[in-house]
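# Topology and contacts: notes
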Amino acid sequence: MASPRSSGQPGPPPPPPRPPARLLLLLLLPLLLPLAPGAWGWARGAPRPPPSSPPLSIMGLMPLTKEVAKGSIGRGVLPAVELAIEQIRNESLLRPYFLDLRLYDTECDNAKGLKAFYDAIKYGPNHLMVFGGVCPSVTSIIAESLQGWNLVQLSFAATTPVLADKKKYPYFFRTVPSDNAVNPAILKLLKHYQWKRVGTLTQDVQRFSEVRNDLTGVLYGEDIEISDTESFSNDPCTSVKKLKGNDVRIILGQFDQNMAAKVFCCAYEENMYGSKYQWIIPGWYEPSWWEQVHTEANSSRCLRKNLLAAMEGYIGVDFEPLSSKQIKTISGKTPQQYEREYNNKRSGVGPSKFHGYAYDGIWVIAKTLQRAMETLHASSRHQRIQDFNYTDHTLGRIILNAMNETNFFGVTGQVVFRNGERMGTIKFTQFQDSRELKVGEYNAVADTLEMINDTIRFQGSEPPKDKTIILEQLRKISLPLYSILSALTILGMIMASAFLFFNIKNRNQKLIKMSSPYMNNLIILGGMLSYASIFLFGLDGSFVSEKTFETLCTVRTWILTVGYTTAFGAMFAKTWRVHAIFKNVKMKKKIIKDQKLLVIVGGMLLIDLCILICWQAVDPLRRTVERYSMEPDPAGRDISIRPLLEHCENTHMTIWLGIVYAYKGLLMLFGCFLAWETRNVSIPALNDSKYIGMSVYNVGIMCIIGAAVSFLTRDQPNVQFCIVALVIIFCSTITLCLVFVPKLITLRTNPDAATQNRRFQFTQNQKKEDSKTSTSVTSVNQASTSRLEGLQSENHRLRMKITELDKDLEEVTMQLQDTPEKTTYIKQNHYQELNDILSLGNFTESTDGGKTILKNHLDQNPQLQWNTTEPSRTCKDPIEDINSPEHIQRRLSLQLPILHHAYLPSIGGVDASCVSPCVSPTASPRHRHVPPSFRVMVSGL
């Protein structure tokens, strides 16, 4: 079908010409803007630009209505926005343009916020940038679509860490630091107080979980251990209890203020507060938040005072609303001046903590547009900034790059972006006396932490430890105790040295010689070795190294063992000699030299050495450390002490100790037996059995008590060392004193006490022997072996003398047979010669050094009897004068049968009725009985 024009028919009249599209838009703009949903027009209170100034429209998205909780944030920042726009306009920063901020209420609702954004795109002018974004969910939805519209968004209140993902939100910026920005600040705080072990307690909310995850990445590789990570949904008490069980002292919390009250109530119940704990929680809670949420936190279970007690000292971490520095900002005013203007501007509107970031945000937008204009002016495209549209990718990139170059000092500090994130200032506050006090700040740009002097206050004398500091403390022997016992030991060694000097100096004295001075020296040597072991028992890890201590384990055991055997072995050997002599039933002459006693002691020591060498070769003593359970610090410090105690042990310690104790016990029992058997021997110089018995008794009792108490005080080295040292000192001192003090006293008071009672009786009743039988006592000569040969030669000389006298006596006898009337002459003239014979025997005894042998030579031969002049004289007191005629006759009756066996038949007896010798060998039987008191004869070798 042909068109009307082509057919030549007249068509309808042409339509009237349309007005230009821009003119139509300008005419309808005043009518369309009021119809756009959520549009608030220019910033409230801002001076309207002159009609000739072209606007640079900025889309403002924030909650503004009173029905929304976060609407107060939007309303609270508007006075700061108006101040910034006014100052920018007064400075003609964007001449010839002016900022045109158009506000759209998102009501913190995803659907309404998205509708407001699209309405602003559809019905509003071409917005160059988006300013705002408070609610995380609404902001994240809009920020994700900005790249499609070539719009750059700048938020002043969205702190959610989700928006830090630049791959998902490349066109999103914010002047407020994100919640993750506190993590570098926390890291700096932890390093400042040298906290290297922390735990986290997180509420199961995405916002807090993201902060916790970022914190884990920040702390990783910084030598800070996250020892426990706990999370909770509603009841945090279980998680708090687990943190305490894992010994977490520094708790990094991420939860809102409602849960914070519950957390601190649980901390109070678990006693996780005070000087040992430090809580670090978010600092963006509302002022006096604990007053608002205490009612909701089960006040019946947690009283207000309990909550405040648990909260005391916590550290809050949050961004700094305003800079504390007295420096002029980009607006030419200091932060403090701005704050005063803001408070004056807001009049009846409540303040918002984000007002400073909103103020700096407007300046960021102005500086960004200024740099974009400069970039466009420098380019060859001659494009104007007001020609921007949502499809202009080039101009969108210019604005994005200009935003990344932002760097100036604002009221909130240095404003600079790193990957779209604000590098701001983080403040630290501490809860002190029911109020929060700023104690420090962290500058993210300079990465520096500045703590305000004398503001932070810990409840202890020092910052809490990041864990229970386990101080491994060696339980050592007290130096004063060691000094006191060492002094006593030195006194004991001085006493032993004095006894040794006394024994050596008086070794030729009868009293000392009869008690075997060589054995006495061994007793002293054993005592000094026992004393010396005390010094070694007191040396522990506080005095010597571990290797040296291990060596001392062996050395002190050897010294004490050898010292004990040497001292008591010598005592027991001496007692055995007395027992062997006086238990000699056959009454034969028995000489036991000191060399034999030395062999006995050497045998005992040889057994000791065999045991010790096998012990050392098979299972040597090693240094072991016993760890005890932790104890609180006595000084009240925030540490726990784990006591350590050194021991000398080996694998089969019980077996080796059993062998040693069994051997020493048998040795002690043997000593007790010998002491008991010789208890009736009445020669003090010879017999130490009485004192040995006392020594064994004391040593046995003290050793049993000392071993038991030492075992019970195993974990108390001071008590154990004191007991061991005192037992050794007591036993050694008592033994030495019992052996030497009586000799010292005797030698001082009565030097001849050992030889005064040479004629004595030794009777011993045995159950197996006849009770009517008595055993003669033999005089014992324990001469020193060095003089034995000299005494034998002297004995030979005296025998020769006796032979010569025998000849004279034979002549006298022959004369008696020839002239009986000369009996009186013999009695008077030859009496002196017979007395000389007796004196020779006494002379032999005196030259023998005080050593006598009791020997029974009584022969029951009736032909060898002499009678005394008067029977009544035989019962006289033996203390009579030994040179009286009666005693002389008694000596003759005792000694002549021994010296002159060949001549007795010719001599005959002495009749009781006469004083002359009788020639009749067949005297009356009543004259054949010799009184028992004369059956013992003292003679020298």
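Residues numbered from 1 in each chain as written. Predicted model: local features only at pLDDT ≥ 70, side-chain atom pairs only at ≥ 80, totals over all residues. Heavy atoms only, no water.

Quick note on the threshold: UniProt positions are given in the numbering used here, feature names are shortened, and annotations may be inferred rather than shown by experiment.
Per an unreviewed UniProt entry, the protein is named Gamma-aminobutyric acid type B receptor subunit 2, and its organism is Daubentonia madagascariensis. Of the comments in the UniProt record for the protein, the one headed Sequence similarities (unreviewed entry) reads "Belongs to the G-protein coupled receptor 3 family. GABA-B receptor subfamily." Note on the protein: under the UniProt heading Subcellular location (unreviewed entry), the record states "Postsynaptic cell membrane".

### With respect to the overall build of the protein
Quick note on the threshold: Numbering goes from the N terminus for both helices and strands, where a helix is a DSSP run of H or I of at least four residues and a strand is a run of E of at least two. A simple rule labels every residue: compare its accessible area, found with a 1.4 Å probe on the protein chains alone, to the largest value its type can have, and call it buried under 20%, exposed over 50%, or partly exposed in between. Surface accessibility follows the Shrake-Rupley procedure with a 1.4 Å probe radius. Residue values consider only the protein chains on display as shielding.
Each helix and strand in the protein was counted, giving 28 helices and 22 strands. Counting only residues that meet the buried cut, the protein has 47% of its 941 residues in that class. For the protein, the accessible area works out to roughly 47,500 Å², and carbon and sulfur atoms hold 56% of it.

### Some words on the nonpolar core
The criterion, for reference: For this analysis, a nonpolar core means a set of buried residues of the types Ala, Val, Leu, Ile, Met, Phe, Trp, Tyr and Cys, connected via side-chain atoms within 4.5 Å. Contact definition: two residues touch when any of their heavy atoms are within 4.5 Å.
Among the nonpolar cores identified, the biggest contains 106 residues, and Phe131, Phe156 and Leu369 are the most heavily contacted of them. The element that contributes the greatest number of residues to this core is helix α14 (residues 355-378), accounting for twelve residues. The residues touching leucine 369, leaving out its near neighbours within four places in the chain, are Leu56, Ile58, Leu94, Leu99, Leu128, Met129 and Ile385. Membership of the second largest hydrophobic core comes to 55 residues, among which are Ile523, Leu552, Ile611 and Trp615.

### Things to note about helix α20 (residues 594-618)
Applied cut-off: One less than the number of residues in a helix, times 1.5 Å, gives the span that helix is expected to have.
Over its 25 residues, α20 runs 36 Å from end to end, which matches the ideal 36 Å to within 8%, given 1.5 Å per residue. For α20, the complete set of buried residues consists of Asp594, Leu597, Val601, Met604, Asp608, Ile611, Leu612 and Trp615. Where the residues of α20 are buried, they touch α18 (517-537), α19 (546-582) and α21 (653-677).

### A look at the packing of aromatic side chains
Worth spelling out the cut-off: Aromatic rings from Phe, Tyr and Trp, taking only the six-membered ring of Trp, are treated as a pair when their centres fall within 6.5 Å; an angle between ring planes under 30 degrees marks them as stacked, one over 60 as edge-to-face, and anything in between as tilted. Only when the NZ of Lys or the CZ of Arg is both within 6 Å of the ring centre and within 35 degrees of the ring normal is a charge said to sit over the ring.
Inspection of every chain in the model, using the stated rule, returns 31 aromatic pairs. Look at tyrosine 118 and tryptophan 149: their rings are 6.0 Å apart centre to centre, the planes differ by 65°, and that puts the pair in the edge-to-face class. Of this pair, tyrosine 118 sits in helix α4 (residues 110-123) while tryptophan 149 sits in helix α6 (residues 146-149), placing them 31 residues apart in sequence. The partly exposed category is assigned to tyrosine 118, whose relative accessible area is 37%. For tryptophan 149, a relative accessible area of 24% puts it in the partly exposed group. Between phenylalanine 388 and tyrosine 390, the aromatic rings sit 6.2 Å apart at their centres with planes inclined by 90°, giving edge-to-face as the arrangement. Judged by its relative accessible area of 1%, phenylalanine 388 is buried. Aromatic ring contacts, followed pair by pair, group Phe208, Phe264, Trp279, Trp284, Tyr285, Trp289, Trp290, Tyr314 and Phe431 into a single cluster. The ring of tyrosine 628 is capped by arginine 475, whose NZ or CZ atom sits 4.9 Å from the centre of that ring.

### Digging into the sheet that holds strand β1 (residues 55-62)
Under the convention used in this document: Here, strands pair whenever DSSP counts at least two bridges between them. Only the stretch in contact is used when a helix axis is fitted, and all axes are lines through C-alpha atoms; the angle between N-to-C directions ranges over 0 to 180 degrees.
Spatially, the five strands line up as an open sheet ordered β2-β1-β3-β4-β5, and their pairing is parallel. Strand pairing shows two members of the sheet lacking a second neighbour, β2 (98-105) and β5 (172-174), which therefore form its edges. On average, each strand axis in the sheet is inclined to that of its neighbour by 25°, with strand direction left out of account. Pairing geometry for strand β4 (residues 152-155) and β5, over three bridges, is parallel. Bridging across to β5, leucine 154 finds its partner in phenylalanine 173. Where helix α5 (residues 136-144) meets the sheet, it contacts β1, β4 and β5, and its direction lies at approximately 160° from that of β4. Against the sheet, helix α15 (residues 393-404) contacts β3 (129-132), β4 and β5, and its axis sits at roughly 30° relative to β4.

### Digging into the sheet that holds strand β9 (residues 278-282)
If you walk across this open sheet you meet the eight strands as β7-β6-β8-β9-β10-β14-β15-β16, and the pairing is mixed. In this open sheet, the two edge strands, each paired with only one partner strand, are β7 (225-232) and β16 (448-451). Within this sheet the neighbouring strands show an average axis-to-axis angle of 25°, counted without direction. With eight bridges joining them, strand β14 (residues 425-432) and strand β15 (residues 435-443) adopt antiparallel strand pairing. Among the inter-strand pairings, lysine 427 is bridged to a residue of β15, identified as glutamate 441. Packing of helix α10 (residues 257-269) onto the sheet brings it into contact with β6 (197-203), β7 and β9, and relative to β9 it is tilted by some 170°.

### Side note on the state of the cysteines
Simply put, disulfide is the name for a covalent bond between the sulfur atoms of two cysteines. For clarity, the threshold we go by: In this description, a disulfide is simply a cysteine sulfur pair whose atoms lie within 2.5 Å.
In total, this model carries four disulfides according to the counting rule given. Each disulfide pairs two cysteine sulfurs, and for cysteine 237 the partner residue is cysteine 266, the sulfurs being separated by 1.9 Å. Here the S-S torsion is close to -65°, and the disulfide linking cysteine 237 with cysteine 266 is therefore left-handed. Taken together, the residues cysteine 237 in helix α9 (residues 237-245) and cysteine 266 in helix α10 connect sequence positions 29 residues apart. Residue cysteine 237 is classed as buried on the basis of its relative accessible area of 14%. In this model cysteine 553 forms its disulfide with cysteine 648; the gap between the sulfur atoms is 1.8 Å. The sign of the S-S torsion, about -65°, decides the handedness of the disulfide formed by cysteine 553 and cysteine 648: left-handed.

### Observations regarding a negative patch on the surface
What counts is decided by this rule: Like charges within 9 Å and nonpolar side chains (Val, Leu, Ile, Met, Phe, Trp, Tyr) within 5 Å are joined into patches, using only residues over 30% in relative accessible area that form no salt bridge. By definition, a salt bridge exists where a carboxyl oxygen of Asp or Glu is found within 4 Å of a side-chain nitrogen of Lys or Arg. Neither His nor the chain termini are counted; the positive set is Lys and Arg, and the negative set is Asp and Glu. Working definition for charges: the position is that of NZ of Lys, CZ of Arg, CG of Asp or CD of Glu.
A contiguous patch of negative charge, built from Glu804, Asp808, Glu810 and Glu811, is present on the exposed surface. Residue placement: glutamate 811 occurs in helix α24 (residues 788-818). Relative accessible area serves as the criterion here: at 51%, glutamate 811 is assigned to the exposed category.

### A look at the pattern of salt bridges
A complete count under the given rule lists 25 salt bridges for this structure. Put simply, glutamate 341 and lysine 333 hold a salt bridge, and the shortest N to O gap is 2.4 Å. By relative accessible area, which is 25% here, glutamate 341 ends up partly exposed. Here arginine 384 makes a salt bridge to aspartate 387, at a shortest N to O gap of 3.3 Å. Using a relative accessible area of 41% as the deciding quantity, one classes arginine 384 as partly exposed. Its relative accessible area of 31% is what places aspartate 387 among the partly exposed residues. Each of Glu312, Asp433 and Arg457 takes part in one network of salt bridges that share partners.

### Topic: the pairing of strand β20 (residues 639-649)
The element β20 is extensively covered by neighbouring structure, given that nine of its eleven residues are classed as buried. In terms of strand pairing, strand β17 (residues 469-474) meets β20 through six bridges, oriented parallel. Note that in β20 the partner of leucine 471 across the bridge is isoleucine 641. As paired elements, strand β18 (residues 622-627) and β20 share six bridges and run antiparallel to each other. Note on β20: the bridge partner recorded for valine 625 is glutamate 646. Where strand β19 (residues 631-632) lies against β20, two bridges are found, and the strand directions are antiparallel. If you follow proline 632 over to β20, its bridge partner there is serine 640. In sequence, β19 turns back onto β20 through a hairpin of six residues, with glycine 636 there showing a positive phi of about 85°.

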